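Residue strings, one per chain:
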There are 2 protein chains.
Amino acid sequence: MSKEKQFVTEITPQGEDFSRWYIDVIKKSELMDYSPVRGCIVFRPDGFEIWEHMKDELDRRFKETGHRNAYFPMLIPESFFQKEKEHVEGFNPELPWVTEAGGEKLEERLAIRPTSETIIGHMYSKWVQSYRDLPLLINQWANVVRWEKRTLPFLRTTEFLWQEGHTAHETEVEARAETAQMLAIYKDFAENFLAIPVIVGQKTPSEKFAGAVDTYSIEAMMKDGRAVQAGTSHYLGTNFAVAFDIKFLDRENTQQFAHTTSWGVTTRLIGALIMVHGDDRGLALPPKVAPTQVVMIPIGPPKTREQVIGRVDELYAELKKAGVRVKVDDRSEVSPGWKFNEYEMRGVPLRLELGPRDMENGQVVLVSRLTGEKRMVAQVDLTVEVERMLAEIQSGMLERAKQFRADHSHSVETLDEMKALLEEKRGFALAGWCGSEACEKQVKEETGATSRNIPFEPAEHKTTCLVCGDKAQHTVVFARAY
Amino acid sequence: MSKEKQFVTEITPQGEDFSRWYIDVIKKSELMDYSPVRGCIVFRPDGFEIWEHMKDELDRRFKETGHRNAYFPMLIPESFFQKEKEHVEGFNPELPWVTEAGGEKLEERLAIRPTSETIIGHMYSKWVQSYRDLPLLINQWANVVRWEKRTLPFLRTTEFLWQEGHTAHETEVEARAETAQMLAIYKDFAENFLAIPVIVGQKTPSEKFAGAVDTYSIEAMMKDGRAVQAGTSHYLGTNFAVAFDIKFLDRENTQQFAHTTSWGVTTRLIGALIMVHGDDRGLALPPKVAPTQVVMIPIGPPKTREQVIGRVDELYAELKKAGVRVKVDDRSEVSPGWKFNEYEMRGVPLRLELGPRDMENGQVVLVSRLTGEKRMVAQVDLTVEVERMLAEIQSGMLERAKQFRADHSHSVETLDEMKALLEEKRGFALAGWCGSEACEKQVKEETGATSRNIPFEPAEHKTTCLVCGDKAQHTVVFARAY
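Residues numbered from 1 in each chain as written. Chains lettered and ligands numbered in written order. Predicted model: local features only at pLDDT ≥ 70, side-chain atom pairs only at ≥ 80, totals over all residues. Heavy atoms only, no water.

### A word on the domain arrangement of chain A
Residues and elements named next belong to chain A.
Next up, step 1: With domains assigned, chain A is organised as domain 1 (7-277), domain 2 (287-404) and domain 3 (409-479).
Next up, step 2: One C-alpha centre belongs to domain 1, the other to domain 3, and the line joining them spans 27 Å.
Next up, step 3: Between domain 1 and domain 3, the contact holds 21 residues from the first and 16 residues from the second.
Next up, step 4: Between domain 1 and domain 3 the total buried area reaches about 1,500 Å² when both faces are included, carbon and sulfur atoms providing 62% of it.
Next up, step 5: Together, Ile199, Thr204 and Met221 form the three largest contributors to the area buried by domain 1 at its contact with domain 3, with a combined 31%.
Next up, step 6: Remark: the boundary between domain 1 and domain 3 carries one salt bridge.
Next up, step 7: Our count for the domain 1 to domain 3 interface comes out at ten residue pairs in polar contact (both at pLDDT 80 or more).
Next up, step 8: Secondary-structure elements contributing two or more residues to the side of domain 1 that touches domain 3 are β9 (199-202), β10 (214-221) and β11 (227-237). (Domains from an automatic or database assignment. Contact = heavy atoms within 4.5 Å. Buried area = accessible area lost by both parts, 1.4 Å probe. Salt bridge = Lys/Arg side-chain N within 4 Å of Asp/Glu carboxyl O. Polar contact = N/O pair within 3.5 Å; in protein donor to acceptor, adjacent residues only side chain to side chain. Helix = DSSP H or I, 4+ residues; strand = E, 2+ residues; numbered from the N terminus.)

Written out as structure tokens, the structure is:
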């Protein structure tokens, strides 16, 4: 890796301009690059590897809970979108259309999938005939395209990568249990793998997925106080089963429509990860998802260099053998200090320094990206100490993000209070809501904040609607969102 | 899993109609299903899992050799295809075009990628500036679309999945070494993971990749004697570097064009796997790639059923813990004999039977899908014995495929000899070739066979061209191909 520039100093501080900070960080750390295609980015190796670690972990959890992967065609005939009314209304404005292929105009336009309920529903109607074929538990890792008006790298791109689970069940109870199970997996994954605390709850009807009966989400707070919807799980009822004729003979030999679900997370999680943990020095990546967990930097004068590097290489082999994602930077053309800044900017959780004096003392220095703490540890204990410190950083990052969220979560009684709040401070606002779409709309129009979800476990239960003052049906989290 | 029909007996014998056998097998074993989109298939879970095992193994090998994954946009502006003349001529007839999106007609049409040299070339020109940026070793796992006239499940589908490696190097020597390295990885993977013996060699100029200087391939023989190109590796010279301006300052501070390569394998390998190993009983999957490696079937009368199943479950846990992909079929509604047929049809390499007498004797019966051999083994040695037998089946399948290929490889002197051969027998023909396109074309027109490649290690060196009788420049493998 060459092209070293003084990019470390070129990052706009978060407090000055959070959006510029974000773009500076993801470009300079080489997570992504802009592409010549409108709203599409290139996932460079370090950015893509973050997704690979997310994918491996989620895939393991999906398989543990009985799901299997499959792959369905990306091109979907136009007529398929007409079959579920809400679905077509929701997605039609965003569809890209293939109209010509192989030198000819197509008889029927083909959409590039924005999501796959329709084509999967069509196939499920062929595969499901008896209750014995259920539950059908399938997941797909795929690219999807939505022609978005505003785009932002990772968080909202024309093409993005995601997983979409699609399941079919005998009963509503079972399908709802699946919806809840996947939501719980997303929550646990976000908190214990990405160190991103999330609010789990139900979407209001106006924010639910086009075609769903109920949509549930996990919502995360970025460092500018905005929200990112980090994952969704939908109970689709029999809507798609009716539209695509997914019917089965039940245990009493009666024809029934299946109850279906879908659930997904996308590469926008990479954006959330950066905006939750990053700081003015650059990225800060939780160890579980970091492409490089430990960077090893030999230090000291040229005369001891060879000897130090020899020892570094030995310790490298040891850590690698233990499964640590470790990298040595033994370049002589840049100074150790320069490297320290570079790897802080790239968000590497742990730095290991080894110099001639450490050689004599049989120790190394470990430095945490999270706290800056320096720890001298004996070389003989290296693997254990590295693993301990990585675990501390992982849990410390979650705690810090929880604290940040607590510091930026507010409770409001009225719309005026919310307006004042969002002008003065960043963050989420908890408020009562009467349940009417009109009141929800008014919040959005007057504050720019949308209802994120109705949390399962709100910090408190509000009693009156922030807009109309009527009795609150729900306690809702409102926030400006990406 | 329900929907058990008597499908085992519904497979057309290979000798009667190989094409029908193939479709019967992949449908009945639920590897795939047809989709409503022209030439596109659905990869059902068992079919997709075969691809997942291939992907994991290749990915590991790519990373071991220093490559990293990235992801580039799927939609490619039309103007990009115009930049490399041969490339556009080769791919233009097969491109599907997005012409409308988000409710508007696009100013420039966007092709769905048939391969990504163009967009990746464009990005590399931004990333490569100095010799220090080289080599650039990137791989992408992605879907691609080619509007094919004739399609066949797995082997040639409109949309397919693949990996495409794209690398850039300082010198021709290095780039050629990369091309050779990846070809060697493909060969080793095909033979030692898929148990498919392959012929490694160079494509003739008329069969090379559109835009390459040299194309190399691995070619496999199916059971009907036809060839499948199972992987390709291209040395692209500076063709794409010139077209996309991938330039760097070399060690002497002079501007140079980079030398690039690309290499790929696709989901057609699933089709090859089936056509190399399958037989009249159905699929036969090599253990390393089989979704289920061992199926456990409890046998015996109802009164001992519970006890037998209890022991089966214990042994299942043991095998699973050892990393064996194992499945128990304890259904009571179908007979053991029915299950034996079903899992043979599905190609499960090893069957384990356990009945009351085996319980008494502390043993189990293992039955090989490859040879039908039954082996009594002590339950205490189960894991070791299962692993041993799976390894034997894996190597036995490669040996059997090698023997089949040897039996169906022929040497011919003249075009008439080749015609007679291909009418009477299945298989590959080794022949001399003068190097002229005219002679190569005549072979194709008169026999339907194409040059597969110029093998690095031909069984013999031919001295005269089979068509014109002139001195042979190369010894070529000809075959009808999928």
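### Structural notes on the sheet that holds strand β21 (residues 428-433) of chain A
Residue and element names in this part refer to chain A.
Next up, step 1: Pairing in this open sheet of eleven strands is mixed, and the strands run β3-β7-β8-β14-β11-β10-β9-β22-β23-β21-β20 from one edge to the other. Bordering the open sheet on either side are β3 (68-69) and β20 (409-411), each of which pairs with just one other strand.
Next up, step 2: Relative to strand β23 (residues 474-479), strand β22 (residues 450-455) is paired through three bridges, and the arrangement is antiparallel. Bridge pairing links threonine 450 to alanine 479 in β23.
Next up, step 3: Taken strand by strand, helix α5 (residues 117-127) contacts β7 (136-145), β8 (159-169), β11 and β14 (259-266), and its axis lies near 30 degrees from that of β8. (Pairing = 2+ DSSP bridges. Axes fitted to C-alpha atoms, helices over the stretch in contact; angles between N-to-C directions.)

### Here's the deal with the packing of aromatic side chains
Next up, step 1: Under the definition given, this model contains 27 aromatic pairs over all chains.
Next up, step 2: Both rings, one in B:Phe72 and one in B:Trp127, keep their centres 6.0 Å apart while their planes meet at 40 degrees; by these two values the pair is tilted. Of the two residues, B:Phe72 is situated in the loop between β3 (68-69) and β4 (75-77) and B:Trp127 in helix α5 (residues 117-127); the sequence distance between them amounts to 55 residues. Taken as a pair, B:Phe72 and B:Trp127 share a single burial class, namely buried.
Next up, step 3: Ring centres of B:Tyr216 and B:Phe456 lie 6.0 Å apart, and the angle between their planes is 55 degrees; on these two criteria the pair is classed as tilted. Placement of the pair is B:Tyr216 in strand β10 (residues 214-221) and B:Phe456 in the loop between β22 (450-455) and β23 (474-479), with a sequence separation of 240 residues.
Next up, step 4: Its relative accessible area of 14% is what places B:Tyr216 among the buried residues.
Next up, step 5: Each residue in the set A:Trp51, A:Phe62, A:Trp141, A:Tyr186 and A:Trp263 is aromatic and connected to the rest through ring pairs, giving one cluster.
Next up, step 6: The positively charged end of B:Arg226 is found above the aromatic ring belonging to B:Tyr482, 5.6 Å away from the centroid. (Phe/Tyr/Trp six-rings, centres within 6.5 Å; stacked < 30°, edge-to-face > 60°. Buried < 20%, exposed > 50% of the residue type's maximum accessible area, 1.4 Å probe, protein only. Lys NZ or Arg CZ within 6 Å of the ring centre and 35° of its normal.)

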